[in-house]
Amino acid sequence: MTFSLNRRHFLQATATGVAVMGMGLRPSMAAPYQRAFTWISPRGSLEVAGDFPYWVAKKMGYFGDLNIDIQPGPSDGTATVKFVDVGQADMGFPSPGVFSFGLQAGMKLKSVFHMCPRDSFSFAFRKGEGPKDIKEMAGKTILLGSAAWQPIVEPMLAAQGVDISSVKYLEAGWPTWGTALAAGEGDAALAWEGLRAEWTAKGLPFEYWLGVQKSPLPGNTFSVRAADLDDADKKAFLEQYLRGWAMGLEFSEHNPRAAVDAVFEQFPTLAANMGPELGVTSVLQEANVFRGDWDKRQGWGWHDMQSWQTFFDLSASTSKEKKDPLQAADVCTNDLVPAINDFDFAKVKADALAAPVSDALAGVDVDAIRASLFAQAI
């Protein structure tokens, strides 16, 4: 079915997921949070390579003695903000579109760690069908895994001058929207870095218009309840927690094969399905997004407010609910960034270089993969 997402659809789509997620949380009395601090994924599964900084940090002890949990959440695409807002999780990883939509729906959230300074999203096409000019997407049908992904797509297209009023959407389901494209449905499918390698592993060799190369917009971010930043103990907890993620990111820059090892140790089935080369490929695709234009950033997690404002302005211009654009300075903060990056970078690099990897991963040519990272681009 085709659809158009609105606020009512957004709230209805998430309402049933809260109870399911709540049952999966483990109680804890750790201060300042009254249970294990819970990060929720937008992907509907944890068996992906993209969360590698977390698994590295956990393996290396970079989170210290924090009582933490990580959950996949439902795959409707909105749980990653909805559950944080209602207190069933503590930190989400929304796309800018879902983050913006949640704020416009009245959720009191704030972005505290910009994980993806480059736009990780892309459009997948069956081989030979990718357009020479993305403006040719006018009138086409885009497959999505969730209706909630529409606010991701529209600002991307608008930024490229596409007439979004002519674009159609088909909710093809999670995790089947990629196979639906391969089977001949629709004209394109929303994808992202890291997923490209996973789809290749599943025998879906698409070609891609890559946002990481061509989009001026930001990617996914870590968001929390805004009120948590007003609590000194919670803010200190967040700084320590996010420092662990930053150390995991820094470690992985120096030894991506060890980062893959950390993921594969958690998920043997993923290891069997992807294999060493595609595992490293997935991590390198994501790492390129996570690092961004490093020379212009002020550390891991830093927000480029101009990039965010560009997104919010485009989001407001494409929304059917006419509202003033959100202001980046009001909903994104760099206040935690100095404390997050207050760690021994040289020690983390030494940790990475000393980390052993499996024989299979040791044989992967990282430089060759980096050189062909965008071979599927149109």
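The structure displayed is predicted, hence computed values, not measured ones.

Caption draft 1: Local environment of the environment of Gly73. Positionally, Gly73 belongs in the loop between strand E2 (68–71) and helix H4 (79–85). A sequence separation of 277 residues divides Gly73 from Ala350, and the C-alpha atoms of the two residues are 35 Å apart.

Caption draft 2: Structural context of the packing of aromatic side chains. On inspection of all chains with the given rule, the structure shows 32 aromatic pairs. On the basis of an interplanar angle of 35° and a centroid distance of 5.4 Å, the ring pair of Trp39 and Trp245 is categorised as tilted. Residue Trp39 is found in strand E1 (residues 37–40), and its partner Trp245 is found in helix H10 (residues 232–254); the two are separated by 206 residues along the sequence. A single burial state applies to Trp39 and to Trp245, both of which are buried. Ring geometry for Phe343 and Phe345: centres 4.0 Å apart, planes at 10°, overall stacked. In this structure, Arg196 packs its charged tip against the face of Tyr208, placed 5.8 Å from the ring centre. The ring of Trp294 carries the charged tip of Arg291 above its face, separated from the ring centre by 4.3 Å.

Caption draft 3: Representation of the side chain of Asp351. Turning to its location among the elements, Asp351 is positioned in helix H16 (residues 345–354). Accessibility expressed as a relative area gives 16% for Asp351, which makes it buried. Among the polar contacts listed, one links the side chain of Asp351 to the side chain of Lys347, at a separation of 2.7 Å. Apart from residues lying up to four places away in sequence, Asp351 is in contact with Met60, Tyr62 and Phe251.

Caption draft 4: Representation of empty space enclosed by the protein within the structure. Per the stated rule, a full pass over the model turns up two cavities of 30 Å³ or more. Considering only enclosed or pocket space, the largest cavity measures out at about 220 Å³ in volume. Lining the largest cavity are 16 residues, with Pro42, Arg43, Phe121, Trp192 and Asn220 sitting closest to its centre. Along the lines of polarity and charge, the residues of the lining of the largest cavity split into nine nonpolar, four polar and three charged. The calculated volume of the second largest cavity comes to roughly 50 Å³. Taken together, Ser95, Pro96, Gly97, Asp119, Phe121, Ile152, Met156, Leu217, Pro218 and Phe311 make up the full set of residues lining the second largest cavity. Where the lining of the second largest cavity is concerned, the elements lending two or more residues are helix H5 (96–104) and helix H6 (150–159). Grouping the amino acids of the lining of the second largest cavity by side-chain chemistry returns seven nonpolar, two polar and one charged.

Caption draft 5: Focus on the sheet that holds strand E7 (residues 168–171). In spatial order, the strands read E7-E6-E8-E5-E9; together these five strands make up an open sheet with mixed pairing. Either end of the sheet is taken by a strand with one partner, and the two such strands are E7 and strand E9 (207–210). Strand-to-strand twist across the sheet, computed as the mean angle between neighbouring axes with direction ignored, equals 35°. As judged from the four bridges shared by strand E5 (residues 121–125) and E9, these two strands associate in the antiparallel manner. In the sheet register, Phe123 faces E9, and the bridge partner there is Trp209.

Caption draft 6: How the structure looks around helix H11 (residues 256–266). Of all 11 residues making up H11, eight are buried, and the element is well covered by its neighbours. Of all the positions in H11, only Pro256, Ala258, Ala259, Val260, Asp261, Ala262, Val263 and Phe264 are classed as buried. Where H11 is buried, its residues contact helix H3 (52–60), H10, helix H12 (268–291), helix H17 (359–362) and helix H18 (366–371).

Caption draft 7: Up close: the pairing of strand E8 (residues 188–192). In terms of burial, E8 is a largely internal element, five of the five residues being buried. Side-chain alternation along E8 places Ala188, Leu190 and Trp192 on one buried face and Ala189 and Ala191 on a second face that is also buried. Judged from the two bridges that link them, strand E6 (residues 141–144) and E8 form a sheet pairing that is parallel. Residue pairing across strands places Leu143 opposite Ala189, the latter belonging to E8.

Caption draft 8: Fine view of the pattern of salt bridges. This structure, assessed with the given rule, holds 12 salt bridges. Between Arg43 and Glu286 there is a salt bridge; the shortest N-O distance is 3.9 Å. A residue pair is termed long-range when its members are at least 10 positions apart, and Arg43 in the loop between E1 and H3 and Glu286 in helix H12 qualify at 243 residues. For the pair Arg43 and Glu286, one class covers both residues: buried.

Caption draft 9: How the structure looks around the packing of H10 against H11. Two numbers describe how H10 lies on H11: the axes approach to 5 Å, and their chain directions differ by 125°. The angle between H10 and H11 falls in the class oblique. Contact residues: Phe251, Ser252, Glu253 and His254 in H10; Pro256, Ala258 and Ala259 in H11. Looking at side-chain class alone, the contact of H10 with H11 contains four nonpolar, two polar and one charged residues.

Each value, and the rule that gives it
Residues numbered from 1 in each chain as written. Predicted model: local features only at pLDDT ≥ 70, side-chain atom pairs only at ≥ 80, totals over all residues. Heavy atoms only, no water. Helix = DSSP H or I, 4+ residues; strand = E, 2+ residues; numbered from the N terminus. Phe/Tyr/Trp six-rings, centres within 6.5 Å; stacked < 30°, edge-to-face > 60°. Buried < 20%, exposed > 50% of the residue type's maximum accessible area, 1.4 Å probe, protein only. Lys NZ or Arg CZ within 6 Å of the ring centre and 35° of its normal. Polar contact = N/O pair within 3.5 Å; in protein donor to acceptor, adjacent residues only side chain to side chain. Contact = heavy atoms within 4.5 Å. 1 Å grid on protein atoms, 1.4 Å probe; cavity = no way out; pocket = protein on both sides within 12 Å on 5 of 7 lines; lining within 4 Å. Points joined across faces, edges and corners; volume = space filled by probe spheres on them. Nonpolar A, V, L, I, M, F, W, Y, C, P; charged D, E, K, R; others polar. Pairing = 2+ DSSP bridges. Axes fitted to C-alpha atoms, helices over the stretch in contact; angles between N-to-C directions. Salt bridge = Lys/Arg side-chain N within 4 Å of Asp/Glu carboxyl O. Parallel < 35°, antiparallel > 145°, perpendicular 65-115°, else oblique.

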